[in-house]
Amino acid sequence: MSTLVDAVAALVARAVQLGADERTAAELQGRFERPLRVVIAGRLKAGKSTLLNALVGERLAATDASECTRIVTWYRQGTGYAVEAEFEDGRRPVRFDRNGRLELYLDEMDPDRILTLTVEWPSRRLGRYTLIDTVGLDSARVDAAAGTRAVAEQADVTVYLMRHLHVRDTKFLEAFAGSAEALPAIGVLSRADEIGGGDLDAMEVAAGVAAAYSTDHRIVARTETVVPVAGLLAEAAVTLTEEEYGVLVRAAGDDESALASVDRFVLAAGPGDEDSRHAVLARLGLFGVRRSVVAIRRGEVASATELAALLAETSGIDRLVQVLEDRFGGRAAVFKARSVLRELRRIAGAERLPKLLAEVERVEATAPELAELRLGQLLTSADVTLDEDDYRFADALAAGESPLDAARVTAATDLVEVIERWRRLAADPLLDAGTKEAGEVVVRILERFYGEAGGS
């Protein structure tokens, strides 16, 4: 049997015969050869650009209130360095400098007319994921939220940042991940070091809050999990300089009271060191400064390299990267195929191509990989109420395990009994909608497996 990727690739090739634009079809075909697309979304000041810099390992995204932060920007791997602006009538190169960070100069370009910016960079990390930095969803720009959602339709995965749980966050998440067609999402409790007031246990406090969010019914139905990340610290960890380390080493000789507040830290500076301390505070935040100074005093680190590694571990960025890899990296081709099918469905509707739509629906209905993804999405929902054994079995199916391994059965007759039991569960009229759908998806997976194994 052909894989989902084979089936979707064949459908893209056939889409032209069914009326789709050749250029669009070629672009869709190329999606399978390119990295997974990850859209970074959230409200204003959530720390999207800072997190993106930490993920890339370089200061590429503008983190101030510059005009570029008002434009959706794609960051993709390139063989060299290039920046382009896309307008309705074509693309134009953008002038830039690389002096420790990427500085863009729009010159005579009107930022309100720029649809997107594309930054191509020879970054190893961008070889794994193409990152899309979006405009704050509550931006004053009228089209900000609509534009971000439009970009999300071209992506494969969402990373959604929130500083705390706000009703607007739940509404935005519902728009991104509230249906069977939605992108899978990872929630990030951003600026996590601020939750604990910048104290040394701030990240432990944030981890507790993130764990609570991961079980909150408003969040759990729309995200795979919630990870606490101190974005500023994560960005500083990959861009820390020897000069900044030197400032922190000198600060380690201060009295304990110098770490009590921002003002005391600056006032404790030696002659001519005030500006350097202000700069380090801007880069690491008070929590990052406290953690760094304490680590130096205790002898936990003895170089800028060692401190950078400690800050990365403390920030939570390594955990986020691991979650992305565990949840999506190994099944990147499936997520790409799902996104291409979604785009083909959109094209079929917009161009009134009923035959193409029928083909899309056929692939969707027969692809076991899509059933597994949908089952995994349902199992994260607070609306699904299965007992422990049934949940473990369904979760194993969602992870792609064979039903025989998941049920630990050794004969077809045993599998028939499993199918019949799940059919009865899915047919229970008293079940809530989420559990009923989960049961129906399990039945589809089991029936398909049984038929392919030679059952009748």
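Within every chain, residues take consecutive numbers counted from 1 along the sequence as written. Reporting of local features is limited, given that this is a predicted model, to residues whose pLDDT is at least 70; pairs of side-chain atoms are given and counted only at 80 or more, and all residues count toward the totals for whole chains, interfaces and linings. Neither water nor hydrogens contribute to the side-chain values; these are computed over all heavy atoms in the structure.

Student: What is the right way to look at the packing of aromatic side chains in this model?
Tutor: Ring pairs (aromatic) are described by centroid distance and by the angle formed between their planes. Each Phe, Tyr or Trp ring, with Trp reduced to its six-membered ring, pairs with another whose centre is within 6.5 Å; inter-plane angles below 30 degrees give stacked pairs, above 60 give edge-to-face pairs, and intermediate values give tilted ones. For the structure on display, the rule yields 4 aromatic pairs. Where F96 meets W121, the ring centres are 6.1 Å apart and the plane angle is 55 degrees; that geometry is what we call tilted. Taken together, the residues F96 in strand 5 (residues 95-98) and W121 in strand 7 (residues 116-121) connect sequence positions 25 residues apart. On the basis of relative accessibility, which here comes to 23%, the residue F96 falls in the partly exposed class. Cation placement over rings: the criterion is NZ of Lys or CZ of Arg within 6 Å of the ring centroid and within 35° of the ring normal. Directly above the aromatic system of Y81 lies the positively charged group of R98, at a separation of 3.7 Å from the ring centroid. Positioned over the ring face of F265 is R277, at 4.7 Å from the centre of the ring. A run of DSSP states H or I qualifies as a helix once it reaches four residues; a run of E qualifies as a strand once it reaches two. Both are numbered from the N-terminal end. Categorising residues by exposure relies on relative accessible area from a 1.4 Å probe, with only protein chains included: less than 20% of the type maximum marks a residue as buried, more than 50% marks it as exposed, and the intermediate range marks it as partly exposed.

Student: Would you take a moment to explain the pairing of strand 5 for this structure?
Tutor: Looking along a regular strand, one sees the side chains alternate between the two faces of the sheet. We call two strands paired when DSSP finds no fewer than two bridges between them. The sheet contact formed by strand 5 and strand 6 (residues 102-105) spans 4 bridges and is antiparallel. For F96, the partnering residue across the bridge sits in strand 6 and is L104. Taken together, strand 5 and the strand that follows it, strand 6, pair antiparallel across an intervening segment of 3 residues, in which G100 is found at a positive phi of about 85 degrees.

Student: Looking at this structure, I do not really get helix 16 (residues 368-379). What am I missing?
Tutor: Residues spaced three or four apart along an α-helix point in a common direction, a consequence of the helix completing one turn every 3.6 residues. An expected span of 1.5 Å times one less than the residue number is assigned to each helix. Here helix 16 spans 16 Å end to end across 12 residues, near enough to the 16 Å set by a 1.5 Å rise per residue. In terms of residue burial, helix 16 counts as a mostly covered element, since 12 of its 12 residues are buried. Of all the positions in helix 16, only P368, E369, L370, A371, E372, L373, R374, L375, G376, Q377, L378 and L379 are classed as buried. Any two residues whose heavy atoms approach within 4.5 Å are treated as being in contact. Buried residues in helix 16 make contact with helix 1 (4-15), helix 14 (332-350), helix 15 (354-366), helix 17 (388-398) and helix 20 (433-452).

Student: How should I be thinking about the nonpolar core in this particular structure?
Tutor: Soluble globular proteins tend to bury their nonpolar side chains together. Core analysis: the largest hydrophobic core is formed by 111 residues, its most contacted members being L4, V8, L284, V289, L320 and L356. Considering every element that reaches this core, the biggest residue donor is helix 11 (residues 274-298), with 10 residues. What V289 contacts, discounting residues up to four positions off in sequence, is L248, L259, F265, V280, L281 and L284. Joining through side-chain atoms within 4.5 Å is the link that ties buried Ala, Val, Leu, Ile, Met, Phe, Trp, Tyr and Cys residues into a set, and such a set is a nonpolar core. Grouped together as the second largest cluster of nonpolar side chains are 22 residues, A371, V384, A438 and L446 included.

Student: I tried to follow the pattern of salt bridges on my own but got confused; where do I start?
Tutor: Two side chains bearing opposite charge may form a pair once their charged atoms approach each other closely. Salt bridges are defined by distance alone: a side-chain nitrogen of Lys or Arg within 4 Å of a carboxyl oxygen of Asp or Glu. Under the counting rule described, the total for this entry stands at 31 salt bridges. A salt bridge links E103 to R101, with the shortest nitrogen-to-oxygen separation between them at 3.8 Å. For R101, a relative accessible area of 24% gives the class partly exposed. The structure contains a network of salt bridges with shared partners spanning R250, D254, D273 and R277.

Student: Sorry, what's going on with the packing of helix 8 (residues 231-239) against helix 12 (residues 304-315) here?
Tutor: Angle between the axes and distance between the axes are the two parameters that describe a pair of packed helices. Throughout, an axis means a line fitted to C-alpha atoms (over the contacting stretch in the case of helices), and angles, computed between N-to-C directions, take values from 0 to 180 degrees. Relative orientation of the contacting elements helix 8 and helix 12 amounts to 155 degrees, with a least axis distance of 8 Å. When the interaxial angle is binned, helix 8 and helix 12 end up roughly antiparallel. The chirality of how helix 8 crosses helix 12 is left-handed. Every residue of helix 12 that contacts helix 8 at L233, A234 and A237 is listed here: A308, L311, A312, T314 and S315. Three classes are used: nonpolar for Ala, Val, Leu, Ile, Met, Phe, Trp, Tyr, Cys and Pro, charged for Asp, Glu, Lys and Arg, and polar for all others, with Gly counted as polar. Taken together, the residues that form the contact of helix 8 with helix 12 break down as 6 nonpolar, 2 polar and no charged. The labels follow the angle: roughly parallel below 35 degrees, roughly antiparallel above 145, roughly perpendicular from 65 to 115, and oblique for the rest. The hand of a helix crossing depends on one turn: near helix anticlockwise from the far one by less than a right angle means left-handed, and clockwise means right-handed.

Student: What should I look at first to understand unusual backbone geometry in this one?
Tutor: Of note in this structure, D107 is not a glycine but carries a positive phi near 50 degrees. Here D107 lies in the loop between strand 6 and strand 7. Here the phi dihedral of R352 falls at roughly 55 degrees; this positive angle occurs in a residue that is not glycine. For R352, the position within the fold is in the loop between helix 14 and helix 15.

Student: Would you explain the pairing of strand 3 (residues 82-87) in this entry?
Tutor: Side chains of strand 3 alternate between two faces, with V83, A85 and F87 buried and A82, E84 and E86 left unburied. Of the pairings in the sheet, the one linking strand 3 to strand 7 comprises 5 bridges and is antiparallel in character. The partner of A82 across the bridge, within strand 7, is E120. Where strand 3 folds back onto strand 4 (residues 90-93) in an antiparallel hairpin, the turn is made up of 2 residues.

Student: When you look at helix 6 (residues 202-213) in this model, what are you seeing that I'm missing?
Tutor: End to end, helix 6 covers 17 Å across 12 residues, agreeing with the expected 16 Å (1.5 Å per residue, within 8%). By the burial criterion, the buried members of helix 6 are A202, M203, A206, A210 and Y213. Angular distribution of buried residues about the axis of helix 6 spans 85 degrees; they occupy a single face of the element. Each C-beta atom gives one direction from the helix axis, and the arc is the one those directions make.

Student: Please explain the environment of L284 as it appears in this structure.
Tutor: Structurally, L284 can be placed in helix 11. On a C-alpha basis, the gap between L284 and A230 in space is 9.5 Å, while along the polypeptide they are 54 residues apart. Those residues within four positions of L284 in sequence are excluded, and the remaining contacts are L232, L233, A236, L240, L248, V289, S292 and L311.

Student: Sorry, what's going on with the sheet that holds strand 1 (residues 36-42) here?
Tutor: Neighbouring strands of a sheet are bound in pairs by backbone hydrogen bonds; such pairs are parallel or else antiparallel. Spatially, the 9 strands line up as an open sheet ordered 4-3-7-2-8-1-9-10-11, and their pairing is mixed. Each edge of the open sheet is held by one strand with a lone partner, namely strand 4 and strand 11 (226-228). Sheet twist, expressed as the average angle between the axes of neighbouring strands with direction ignored, equals 25 degrees.

Student: Looking at this structure, how should I read the environment of I71?
Tutor: In this fold, I71 is placed in the loop between helix 3 (48-56) and strand 2 (73-77). On the basis of relative accessible area, I71 is assigned to the buried category, the value being 3%. In sequence terms I71 and L115 are 44 residues apart; their C-alpha atoms lie 7.2 Å from each other.

Student: Help me understand the side chain of T73, please; the structure alone is not making it clear to me.
Tutor: Within the element layout of this structure, T73 appears in strand 2. Between N or O atoms, a polar contact is any pair within 3.5 Å; within protein, one atom must be a potential hydrogen donor and the other a potential acceptor, and residues adjacent in sequence are included only when both atoms are from side chains. Among the polar contacts listed, one links the side chain of T73 to the backbone oxygen of I71, at a separation of 3.1 Å. The contact partners of T73, leaving out residues within four places of it in the chain, are C68, L117, V119, L131, I132 and D133.

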